[in-house]
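Breakdown of the fold
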Amino acid sequence: MTESARGAPSAEGLVTPDDTPPRAKSLAPLRQLLGFLWPHKGRLIGASVALVFTAGAQLTLGYGVKMLIDEGFAGSDPSGLYQAVIFMLIIGLAMAVGAMIRFYLVSWLGERVSADLRSAVFNNLVHMQPSYFESNHSGEIMSRLTTDTTLLQTLIGSSVSLAVRNALTLTGALTLMVITNLKLSLVILVAVPVTLIPILVFGRRVRKLSNRSQQTIAEVGSHAGEIFQSIKVVQSFNREAAEKAAFGHDVEQAFAVARARVRQRALLTGFAILLLMGGMVGMMWSGGLDVIEGRMTGGELGAFVFYAVMVGTAFATLSEVWGDLQRAAGAAERLMELLAETSEIADTGTLSAASQSVLSFDKAHFAYPSRPSHPALQDFSLDIEHGESVALVGPSGAGKSTVFELILRFYDPTAGAIKFGDADLRHLSLESWREKIALVPQQPALFSGDIFYNIAYGATDPSQASVESAARMAHAHDFIQTLPDGYRSHLGAQGVRLSGGQRQRIALARAILSDPELLLLDEATSALDTESEWHVQQALTEIMRERTTIIIAHRLSTVINADRIVVMDEGRVVDSGTHDALMKRCDLYQRLAKLQFQSERVI
Ligand code: ATP
C-alpha cells in the first residue's frame, strides 16, 4: 500500500488485510539493515529532520482550526478570519515542503538500500559452490531477491517513516487533546480501545484468509506454468479436457477462499464505519453540550475533534505498520541468511598455478554430500602430462563427470589430493586455477544475448576476427552466417532458438576462444551429426595438439585417437592404455567396444 493511501484517514485504514509473506517473531533482524543505511547517514538525518518538522506542523493545524472557528467564523469582523487563514496557509506550505522533502529522501533510501541488498546477495551467491543451488531451488532464491528486497524497500521507503510520524502525531495529539478538554479526553481514551477490539479480531480473520487466498492463487499460477511448459506432452496425450477440468477446480477453490475473505472484509468495513461514526456523534453530543453550556468554545471543540481524528488515524496506522514491520523482519532475516552463506569451496589458496605441469589425482576419494555413503570416486589415482590427451571411458555412473567436477573445484575430494605440479589445488587461488581451464559440458549453457556475446563469454575483450576464427574451428561459422543477424543474432533464453548440435558448437567455440591450457570435453560432440562431428573432430585434433585435453565420450570412435584411454568403473581406474592395448587386455573395454560396434552396425 502506498504511503498516501495509508495516510488518508478512512474506515478501511483501521484494518490490515494485506498480502502476507511469513513474518518474523521479533524485529531483531531489522537491526542488521542499519549496516546498509549507515553509508547514507546524511540523507537519513535529513529525512528525520523533515519528518519531525512535518509532524510538528500537522499538530499546529489543530490550533489553526480553533482560530478559524473562534476568531474567524464567530468573530465580528473579517480580520480574525484573515489572520486564521494566513496562519493555515503558512502551516499548509510548511507541511507541503516538509512532506515533499521527507517523501523524496525516505523513498530514495528505500530504493537505494533494496538495490544495495540485491547486489550484495547476488555478489555473495555467485561464489557459492554449485551444489548449493541443487539443495536451494534457484527459483526460491530469485523470489527472495525480488520479493523480499521489495518488502524491505517498502519498509524503509514508507513503513518506518509512517510509524515514526504516526507515533509522533499520536503522542502530540493525545497531549493536546488532554490540554484542550480533560473530561472528553478521558471518555475517548476509554471508548477507543473498547471499539477497536472487535475490529482487530475481524482484521486478524481477514488477514488469515488473505494469506490463504494468495497461496491458492499462487498454486493456480504454477499449475498453469507447468502445463504450458509441457504443452507438447499435454496435447500429444489429448489431455486438454482433463487439464481444463483440473485447472477449473483450482480456480474455483481460489474463488471460494477469496469470497470468504471479501465477506469478512465487507463486514469489517461496515463495522468500522459504524463504530467510527458512533464515536464521532457521541463526541459531538457531549462536546456540543459543553459548548452550549459555555464550558468550552466552539473552536476548542473543533480542535478537539481534529486531534481525536488524528489520534484514531495514527493508532490505526500504527497497528497496520506493525504487521508490515514483522513481515519486513521476516524478509530481512531470510536475506541476511543468504548474505551470511559462505562457499564450501574455500578460496584461501594464494599460489598462482604454474604452467605446463602434470595434473595428478593422488588416491582421491569423493562422495557427493547428498549421498555420503555412496562414493563417486574411490582411491582414484591418475597422472596427466602436459599436452597429453586422455579419454575417460566407462559405464554410466562410473564417475567420469565427477572427475571434471573435482578438477574444476566445484567440489574438493574428501580424502587424497589433486595436484597441479607440486601444488595441491586447494593451495592455488581459485581464479588463477580456473583461468587455465575451459569446459565444454554435456548440456551447453548459453545465455540470453547474441552469438558474439556467447562465444566471447570466457575471453577478455576479444576481437570480431578472433571470435570468427574460433567459430570456424568449431565448425560453427557457416551456420552462424545463415542466421538473420549473423554474429549479432539473439539466441533467446538459454539458446532455445538453436538446435542441440548448434549449441554444442557455440560452446566449443567459446572454449577454443578462451585458449585454455586444460580443455575438458564432456560428451562435447554427442549432439552433432556425423558430418559435423567429423569436421569438429578434425578441429579438435588441431586444438588438442597444444594443450592438455581430457575427453569423456560414450562413442568410442571419438576417443580412439586419444594418447591414452582410461577405463573407469565404480569410481576407480580399471585400466589405461591405447585402444589397441586395451582391446587386447581389458575385459570391460572389450565389452564396451563390442556393444558399440554391434549397435553401430544395427544403426
Ligand atoms: P554418465 O556417463 O552417465 O554421465 P558418469 O560416469 O559421468 O556417468 P558421474 O556423473 O560422475 O558418472 O556420477 C558418478 C556417481 O555419482 C553416480 O552414481 C551418480 O548417481 C552420482 N552423482 C552424480 N552427480 C551427483 C550429484 N550432484 N549428487 C549426488 N550424486 C551424484
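Residues numbered from 1 in each chain as written. Predicted model: local features only at pLDDT ≥ 70, side-chain atom pairs only at ≥ 80, totals over all residues. Heavy atoms only, no water.

**Quick word on the domain arrangement of the protein**
Looking at the assigned domains, one finds that the protein contains domain 1 (28–340), domain 2 (354–399 + 406–436 + 518–529 + 546–572) and domain 3 (440–515). Spacing between the C-alpha centres of domain 2 and domain 3 amounts to 25 Å. Residue-level contacts link eleven residues of domain 2 with ten residues of domain 3. In total, about 850 Å² of surface goes out of reach between domain 2 and domain 3, with carbon and sulfur atoms giving 51% of it. Three residues stand out in domain 2 for area buried against domain 3, namely Asp522, Ala524 and Leu528, and they jointly supply 42% of the buried area on that side. A salt bridge links Arg547 to Asp515, with the shortest nitrogen-to-oxygen separation between them at 2.8 Å. Counting the contacts that link domain 2 with domain 3 gives five residue pairs in polar contact (both at pLDDT 80 or more). (Domains from an automatic or database assignment. Contact = heavy atoms within 4.5 Å. Buried area = accessible area lost by both parts, 1.4 Å probe. Salt bridge = Lys/Arg side-chain N within 4 Å of Asp/Glu carboxyl O. Polar contact = N/O pair within 3.5 Å; in protein donor to acceptor, adjacent residues only side chain to side chain.)

**Side note on unusual backbone geometry**
Most of the time, phi is negative for any residue but glycine, and the peptide bond is trans. One non-glycine residue, Lys363, lies in positive phi territory at about 45 degrees. Topologically, Lys363 is positioned in strand β1 (residues 359–367). Looking at Lys363, the relative accessible area reads 53%, which means it is exposed. Look at Asp515: it is not a glycine, yet its phi comes out positive at around 50 degrees. Structurally, Asp515 can be placed in the loop between α16 (500–513) and β7 (518–522). (Helix = DSSP H or I, 4+ residues; strand = E, 2+ residues; numbered from the N terminus. Buried < 20%, exposed > 50% of the residue type's maximum accessible area, 1.4 Å probe, protein only.)

**Topic: the pattern of salt bridges**
One pass over the structure, following the stated rule, counts 14 salt bridges. Residues Glu517 and Lys436 are paired through a salt bridge, measuring 3.0 Å at the closest nitrogen-oxygen approach. Remark: Lys436 occurs in the loop between α12 (430–434) and β6 (437–440) and Glu517 occurs in the loop between α16 and β7; sequence separation between them is 81 residues. When sorted by exposure, Glu517 lands in the same class as Lys436, which is buried. Here the salt bridges share partners, and the residues they tie into one network are Lys183, Asp290, Glu293 and Arg295.

**Considerations on α16**
The terminal C-alpha atoms of α16 lie 20 Å apart, and with 14 residues this matches the ideal 20 Å at 1.5 Å per residue to within 8%. The element α16 is extensively covered by neighbouring structure, given that twelve of its 14 residues are classed as buried. Among the residues of α16, those classed as buried are Gly501, Gln502, Gln504, Arg505, Ile506, Ala507, Leu508, Ala509, Arg510, Ala511, Ile512 and Leu513. On its buried face, α16 sits against β6, α13 (451–455), α14 (464–473), α15 (477–482), β7 and α17 (530–544). Two residues or fewer after α16 comes Asp515, characterised by a positive phi angle close to 50 degrees. (Expected span 1.5 Å × (residues − 1).)

**Remarks on the site of the ligand**
Near the ligand, the surroundings consist of 16 residues, among which Arg371, Ser396, Gly397, Ser401 and Thr402 are the closest. Here Ser396 contributes a side-chain N or O atom positioned 2.6 Å from an oxygen atom of the ligand. Within the backbone of Gly399, an N or O atom sits 3.0 Å from an oxygen atom of the ligand. Within the complex, the protein chains bury 75% of what would otherwise be the 630 Å² of accessible surface of the ligand. Ranked by residues supplied to the shell around the ligand, first place goes to helix α11 (residues 400–407) with three residues. A per-class count over the shell around the ligand returns four nonpolar, nine polar and three charged. (Near = heavy atom within 4 Å. Areas by Shrake-Rupley, 256 points an atom, 1.4 Å probe, with all protein chains shown as cover. Nonpolar A, V, L, I, M, F, W, Y, C, P; charged D, E, K, R; others polar.)

**A look at the sheet that holds β7**
Spatially, the six strands line up as an open sheet ordered β6-β7-β8-β3-β9-β10, and their pairing is mixed. Only two strands of the sheet have a single partner each, and these edge strands are β6 and β10 (572–577). The sheet shows a mean angle of 20 degrees between the axes of neighbouring strands, direction not considered. Bridging between strand β3 (residues 389–393) and strand β8 (residues 548–552) involves four bridges; their strand directions are parallel. Within the sheet, the bridge partner assigned to Ser389 lies in β8 and is Thr549. (Pairing = 2+ DSSP bridges. Axes fitted to C-alpha atoms, helices over the stretch in contact; angles between N-to-C directions.)

**Re the sheet that holds strand β5 (residues 423–424)**
Ordered in space as β2-β1-β4-β5, the four strands form an open sheet in which the pairing is antiparallel. Looking at which strands have only one partner, the edges of the open sheet turn out to be β2 (375–384) and β5. Inspection of the sheet shows β1 paired to β2 by six bridges, in the antiparallel sense. Its bridge partner being in β2, Phe366 is matched across the sheet by Leu377. Contacting β1, β2 and β4 (415–420), α11 crosses the sheet at an angle of about 110 degrees to β1.

**Points about the packing of helix α7 (residues 182–229) against helix α10 (residues 298–340)**
Packing of α7 against α10 brings their axes to within 12 Å, and their N-to-C directions diverge by 30 degrees. Judged by the angle between their axes, α7 and α10 are roughly parallel. By crossing handedness, the relation of α7 to α10 is classed as right-handed. In this structure, α7 contributes Leu184, Ser185, Ile188, Leu196 and Leu200 to the contact, and α10 contributes Leu301, Phe304, Phe315 and Ser319. Its residues assigned to classes, the contact of α7 with α10 shows seven nonpolar, two polar and no charged. (Parallel < 35°, antiparallel > 145°, perpendicular 65-115°, else oblique. Left-handed = near helix turned anticlockwise from the far one by under 90°.)

**Notes on the nonpolar core**
In this structure, Ile455 and Ile480 are the most contacted members of the largest nonpolar core, which totals 47 residues. Among the elements that take part in this core, α16 stands out by supplying seven residues, more than any other. The residues that make up this core include at least three from each of domain 2 (354–399 + 406–436 + 518–529 + 546–572) and domain 3 (440–515). Discounting chain neighbours no more than four positions away, the residues touching Ile480 are Ile451, Ile455, Ala471, Gly486, Tyr487 and Ile506. Judged by nonpolar contacts, the second largest core, of 32 residues, contains Val403, Leu406, Leu408 and Leu518. (Core = buried A, V, L, I, M, F, W, Y, C linked by side-chain atoms within 4.5 Å.)

**Things to note about the environment of Phe255**
Within the element layout of this structure, Phe255 appears in helix α9 (residues 240–292). Considered as a pair, Phe255 and Ile217 are 38 residues apart in the sequence and their alpha carbons are 8.8 Å apart.

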